[in-house]
Amino acid sequence: MDWTPSSVIGWLFDSRNGPSDRFLSRWIFLRALGAIYFSAFFSLVFQIRGLIGPEGILPAGEYLKSVAEQVGHARYWYVPSVLWFSSGSYMLAGLCWVGIAAAVFLVLNLWPRGMLVVCFVCFLSFVSAARDFSGYQSDGMLLEAGFLSLFLAPGGLRPGLGEKRPPARAALYLLLWEWFRIYFESGVAKMASGDPEWRNFTAMDDYYQNGPLPTWIGWYVQHFPHWFHGATAFLTLALELVLIWLAFLPRRFRIALFFVVTPWQIGIILTANYTFLNYLVLILAFLLLDDRFLMRFFPRQWKGPLLDLPLTSAGHPHSPASDQLLVLAPTSPSIDEAPASRPASLDAWQKNRFWLAPLRVALTAVLLLWIFYATTAQMLWMIMSAPLPTSPVALLDPFRIANRYGLFAVMTRGRYEIEFQGSNDGQTWIAYPFRHKPQEPSKPPRIYAPYQPRLDWNLWFASLGEWRDNPLVLRTQRRLLSRDPDVLALFAANPFPQAPPRQVRAVLWQYWFTSMAEKREHGLWWRRELLGLYAPAVRLEPGGKIGVTQWPEPMPPHE
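Just so it is clear, the structure is predicted and the values come from calculations on it, not from any experiment.

**Q** Mind laying out the pairing of strand S4 (residues 526-540), listing which residues take part and the relevant values?
**A** Alignment of strand S3 (residues 503-513) against S4, held across 10 bridges, turns out to be antiparallel. Across the sheet, Gln-510 pairs through a bridge with Glu-529, a residue of S4. Between the antiparallel neighbours S4 and strand S5 (residues 546-550) lie five residues, among them Gly-543 with a positive phi of about 90 degrees.

Listed below in structure tokens is the structure:
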């Protein structure tokens, strides 16, 4: 066994020395990743102009101009986005449609590396310029997985299974590392928060009711007995803090773990709408599986090319060596044998690729090691005050490819909903109907994930705080007063089709699931209580200025 630095680097970062038993899992993962990218861009097509368009709630152009004034040329690093060229409506729509096309080609396995680059650049461009509408952990998860997949995907226009182009071993490990961190760091965050709900195993008692966007299945699960919710809270912590470590054990443990986390994620998808987050976590788990396990589920014609692969240091799909995912000895890469004699038999293009190969491997090593350091440092800082350099972490932060996770560290104690209302006389108020979030008590909560309604989602977060900390609420009121069509498209309908209302206000409701008896008797899924004015009621003054007609009264604390 050769453990020299050059052979270890080649073993980890050179795809020519990658594992030969991850072709099927890679194929599944990349097709599913393309579908997730598609869902992200598809949902933006109908929302992006209303969210960050020139007449949107938080215009991207306004934000980019402010950044340029503050940081000058460094703006391209701190806000990496093609929207610097233009942030008009056509550019925003084009960004979404280009992303959709690239995602479809990725699903169809057409030039996967190129399509991953396009998807990453388009999605990063939106996330960097969207401010409050892109501050979600799910966006960081997708960008991190999408970037690492560039080193996992096979090259070529139509690579098929890519059996001649193994994945870079380090990319595979880092994708599994991301998957592990999503679970483990969420468990650590729950414990570090000191939230008594988790310590007393009561965190799930009202979880299905109080989450951002519930489902009708969650309504029924909410009515299960307390012992079920207590057991679910305990199992959540056990999975995130203990069971997830099975990912580092031999093959049979990893397969067993796959069959634990997959039904778990499916259950979450059915009982709550967390957009594409749980779909991404679910497909990352497929990288735990090897070809020997997956072959039984694929047609016979797919197995031939894989069965004919030579035995490599990564192990043949039927070799016991494939049981070890993390501990494999590097051997001297064959590409290094007789390097002087290789170029003589190659054409000009192949010669260029041959001589550029060391540079490519070196660049891959630097980028992936940088990401590994940044993610490991952030995880350690969650546990202890480790004296590690922060600059490498901060430099990667604008690109969202080395993130820290911590889902549901603190559970919300109640469900609050902001509702926008318009009036022409200040007495009769008509609500603007939402597309997705709870509003009418008689309407069941729906399942629509992985579609992501970003305004509805943000209003759930805003309802837990004060209006002064959530400027998007007042900005939405301003756009409704001017009857902006892009913002109105974010709602299910316009209750003022002839002319905009003279006044707009935002009120706060508290919601509860109805009981089984209430639903049988009245057919209601929700009951609600009006708590009062959330933000100032406003009107449009002559000259375009905003005037306040009523200020909100202080409300009791709610979280």
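We are not done yet, so read on.
**Q** Residues and numbers for helix H15 (residues 277-284), please.
**A** Summarising burial for H15: seven of the eight residues are buried, a large majority. Every buried residue belonging to H15 is among Leu-277, Asn-278, Leu-280, Val-281, Leu-282, Ile-283 and Leu-284, and all of these are buried.

**Q** Can you lay out the side chain of Thr-514 for me, pointing to particular residues and giving the numbers?
**A** Mapping Thr-514 onto the fold places it in the loop between S3 and helix H23 (516-522). Separated by 2.6 Å, the side chain of Thr-514 and the backbone oxygen of Leu-524 make a polar contact. When near neighbours in sequence (up to four residues on either side) are disregarded, Thr-514 contacts Trp-219, His-223, Lys-519, Leu-524, Trp-525, Trp-526 and Arg-527.

**Q** Account for the sheet that holds strand S2 (residues 430-431), naming residues and giving values.
**A** The five strands are arranged S2-S1-S3-S4-S5 in an open sheet whose pairing can be described as antiparallel. Across the chains shown, the open sheet's two edge strands, defined by having one partner strand only, are S2 and S5. Bridging between S4 and S5 involves four bridges; their strand directions are antiparallel. Its bridge partner lying in S5, Leu-540 is registered against Ile-546. The strands touched by helix H21 (residues 471-481) within the sheet are strand S1 (415-423), S3, S4 and S5, with S4 carrying the most contacts at an inclination of about 70 degrees.

**Q** Pulling in residues and values, what's your account of the packing of aromatic side chains?
**A** Between two aromatic rings, the relevant description is the distance of the centres plus the angle of the planes. For the structure shown, the criterion picks out 47 aromatic pairs. With centroids separated by 6.1 Å and ring planes inclined at 15 degrees, the aromatic side chains of Tyr-37 and Phe-41 adopt a geometry described as stacked. Of the two residues, Tyr-37 and Phe-41 are both situated in helix H2 (residues 23-45); the distance of four residues between them amounts to about one turn of the helix. We note that Tyr-37, like Phe-41, is buried. An angle of 80 degrees between the planes, with centres 5.1 Å apart, marks the rings of Phe-42 and Phe-46 as edge-to-face. By relative accessible area, Phe-42 is classed as partly exposed at 33%. Its relative accessible area of 46% is what places Phe-46 among the partly exposed residues. Across from the ring centre of Trp-27, 5.5 Å away, lies the NZ or CZ of Arg-31, which sits over that ring. Against the face of Trp-509 rests Arg-528, its NZ or CZ located 3.6 Å from the ring centre.

Rules behind the numbers
- Residues numbered from 1 in each chain as written.
- Predicted model: local features only at pLDDT ≥ 70, side-chain atom pairs only at ≥ 80, totals over all residues.
- Heavy atoms only, no water.
- Pairing = 2+ DSSP bridges.
- Helix = DSSP H or I, 4+ residues; strand = E, 2+ residues; numbered from the N terminus.
- Buried < 20%, exposed > 50% of the residue type's maximum accessible area, 1.4 Å probe, protein only.
- Polar contact = N/O pair within 3.5 Å; in protein donor to acceptor, adjacent residues only side chain to side chain.
- Contact = heavy atoms within 4.5 Å.
- Axes fitted to C-alpha atoms, helices over the stretch in contact; angles between N-to-C directions.
- Phe/Tyr/Trp six-rings, centres within 6.5 Å; stacked < 30°, edge-to-face > 60°.
- Lys NZ or Arg CZ within 6 Å of the ring centre and 35° of its normal.

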